[in-house]
Amino acid sequence: YDAIESVDAAQSASSQAQRNAALAQSSGAIDFAVELLDEPIAQADGELPQDFGASYVALRDQVELLQGKVDALRGTSTDLADLRVEIMEAKVALRDFTGFVRTRIKLSTDELFGEITAFFLILAAISAACIAASIFGARRIASGVSVKIKQLTATMDKIVDGDTSIRIPSRGRQDESGEMARALE
């Protein structure tokens, strides 16, 4: 039962027992509203952003005050019209607060998504730079080795053709191409 419907049922109740039962349902609905209000706070371990804190505390106090009024009216024949108005006001305040919370959550989610997107863009740029540097380095090393091998191949072709007066390149190098060049002497 909605708290307002329960108050309406209590107002039109034909007996005190029906009135008390309807007020108990209204109190239960308000108690449920308090639980719903407290749930996000419990999930956040009681930590509230500053802009939530004051609104939350004021709204929770308003709802608890209403619950106390509903409970105090059990067993009485007091008119419930004022209570109905207060419950309507609390309902509007709850709706406004939940709208505010949803807006803040959406903004926080959008900010977080933006930060994640920026991180991945930076990661992609760094990865692309590393890949480009690796490709450049590999091509440079490969071309350096390739040039030395082509020079040695050309020298060997000249030696095979009988030209022994040629200068053998890379003899002074301390790597594999230098060893190959010294082997031709």
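Details of the structure are given in the entry above.
This section reports on the structure supplied with the text. (Residues numbered from 1 in each chain as written. Predicted model: local features only at pLDDT ≥ 70, side-chain atom pairs only at ≥ 80, totals over all residues. Heavy atoms only, no water.)

**Comments concerning the overall build of the protein**
- If you tally the helices and strands in the protein, you get 5 helices and 0 strands.
- Taken from N to C terminus, the helices and strands of the protein fall in the order α-α-α-α-α.
- By the compact-globule yardstick of 16 Å for 185 residues, the protein is too spread out, its C-alpha radius of gyration being 42 Å.
- Counting only C-alpha atoms, the protein reaches 125 × 25 × 20 Å along its principal axes.
- For the protein, the proportion of its 185 residues judged to be buried stands at 23%.
- Put simply, 61% of the contacts in the protein that link residues at least 6 apart link residues at least 24 apart.
- For the protein, the exposed surface amounts to about 12500 Å²; the carbon and sulfur share of it is 60%.
- If the 19 positive side-chain charges of the protein are averaged to one point and the 28 negative ones to another, these points end up 15 Å apart. (Helix = DSSP H or I, 4+ residues; strand = E, 2+ residues; numbered from the N terminus. Rg over C-alpha atoms; globule rule 2.2 N^0.38 Å. Buried < 20%, exposed > 50% of the residue type's maximum accessible area, 1.4 Å probe, protein only. Contact = heavy atoms within 4.5 Å. Areas by Shrake-Rupley, 256 points an atom, 1.4 Å probe, with all protein chains shown as cover. Lys, Arg positive; Asp, Glu negative; His and termini not counted. Charge placed at Lys NZ, Arg CZ, Asp CG, Glu CD.)

**What about a nonpolar patch on the surface?**
- Residues Leu112, Ile116, Phe119, Phe120 and Leu123 make up a contiguous nonpolar surface patch of roughly 480 Å² in combined accessible area.
- Secondary-structure assignment places Phe120 in helix 4 (residues 81-160). (Patch = residues over 30% accessible without salt bridge, like charges linked within 9 Å, V, L, I, M, F, W, Y side chains within 5 Å. Salt bridge = Lys/Arg side-chain N within 4 Å of Asp/Glu carboxyl O.)

**Observations concerning the side chain of Ser27**
- As for its placement among the helices and strands, Ser27 is situated in helix 2 (residues 16-43).
- Residues within four places of Ser27 in sequence aside, it is in contact with Gln67, Val70, Asp71 and Arg74.

**Re the packing of helix 1 (residues 3-11) against helix 4**
- Axis separation between helix 1 and helix 4 bottoms out at 10 Å; the angle between their running directions is 175°. Our classification of the angle between helix 1 and helix 4 gives roughly antiparallel. Contacts from Ala3, Ile4, Val7, Asp8 and Gln11 in helix 1 reach Ala81, Leu83, Arg84, Ile87, Met88 and Lys91 in helix 4.
- Residue classes in the contact of helix 1 with helix 4 are distributed as 7 nonpolar, 1 polar and 3 charged. (Axes fitted to C-alpha atoms, helices over the stretch in contact; angles between N-to-C directions. Parallel < 35°, antiparallel > 145°, perpendicular 65-115°, else oblique. Nonpolar A, V, L, I, M, F, W, Y, C, P; charged D, E, K, R; others polar.)

**Let's talk about the packing of aromatic side chains**
- Under the definition given, this model contains 2 aromatic pairs.
- Here Tyr56 and Phe97 contribute two aromatic rings whose centre-to-centre distance is 6.5 Å and whose plane-to-plane angle is 40°, an arrangement assigned as tilted. Here the residue Tyr56 occupies a position in helix 3 (residues 50-73), and Phe97 occupies one in helix 4, the gap between them amounting to 41 residues.
- On the numbers, 5.4 Å between centres and 65° between planes, the contact of Phe119 with Phe120 is edge-to-face.
- Overall, the relative accessible area of 49% leaves Phe120 in the partly exposed class. (Phe/Tyr/Trp six-rings, centres within 6.5 Å; stacked < 30°, edge-to-face > 60°.)

**Things to note about the environment of Leu94**
- Relative to the elements of secondary structure, Leu94 occurs in helix 4.
- Residues Leu94 and Gln62 lie 32 residues apart in sequence; the distance between their C-alpha atoms is 10.0 Å.
- Residues within four places of Leu94 in sequence aside, it is in contact with Ala33, Leu37, Leu59 and Val63.

Read these as geometric descriptors, not functional statements.
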